[in-house]
Amino acid sequence: AEAIERINRHNGPINLVIFDFFLPDMRGDRVLEMLKSIRPELQVMISSGYALEEVEHRLNVHAESFIQKPYSFAMLASKVKELLGDVPNAITERT
């Protein structure tokens, strides 16, 4: 919920949001719906220890990418580059 509030308040561009589908305070499908309602153009990558098929059948809104846990930094970097290409001067904020 805090991340959604931050995204809602942030005036600048947001290149990508990555989050775990099974969160302690809110299910990932609800998070994804809220993110897309705030910023429909937002690129979203869902992470989960569950298989893609298990997560997909719970979604009503499309996520641009999925990465299954456990994953290495190299795998994550590859997925991010696949989505965004080379993003010069990217600023990251970790929540």
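See the structure shown above.
Residues numbered from 1 in each chain as written. Predicted model: local features only at pLDDT ≥ 70, side-chain atom pairs only at ≥ 80, totals over all residues. Heavy atoms only, no water.

### What about the sheet that holds strand E3 (residues 65-68)?
The condition that has to hold: Here, a strand pair is defined by DSSP locating no fewer than two bridges between the strands. The numbering of helices and of strands both runs from the N terminus, where a helix is a DSSP run of H or I of at least 4 residues and a strand a run of E of at least 2. Under this scheme, a helix contributes an axis fitted over its contacting stretch, all axes are lines through C-alpha atoms, and angles between N-to-C directions fall in the 0 to 180 degree range.
Here 3 strands make up an open sheet; going across it, the order is E1-E2-E3 and the pairing parallel. The sheet terminates laterally at strand E1 (17-20) and E3, the two strands that pair on one side only. On average, adjacent strands in this sheet sit at an angle of 20° to one another, irrespective of strand direction. In terms of strand pairing, strand E2 (residues 44-48) meets E3 through 4 bridges, oriented parallel.

### A closer look at the packing of aromatic side chains
Pairs of aromatic rings are described using the distance from one ring centre to the other and the angle between the two planes. Rules: Centres within 6.5 Å are what make two rings of Phe, Tyr or Trp a pair, Trp counting through its six-membered ring; a difference in plane orientation under 30 degrees is then read as stacked, over 60 as edge-to-face, and the rest as tilted. A 1.4 Å probe rolled over the protein chains alone gives each residue an accessible area, and that area as a share of the maximum for its type sets the label: buried under 20%, exposed over 50%, partly exposed in between.
According to the stated counting rule, one finds 2 aromatic pairs in the structure shown. Measuring from ring centre to ring centre gives 4.9 Å for Phe-21 and Phe-22, while their planes differ by 80°; the resulting arrangement is edge-to-face. By relative accessible area, which is 0% here, Phe-21 ends up buried. Classification of Phe-22 by relative accessible area gives partly exposed; the value is 30%. Put simply, the rings of Phe-21, Phe-22 and Tyr-50 touch in pairs and so form one group of aromatic residues.

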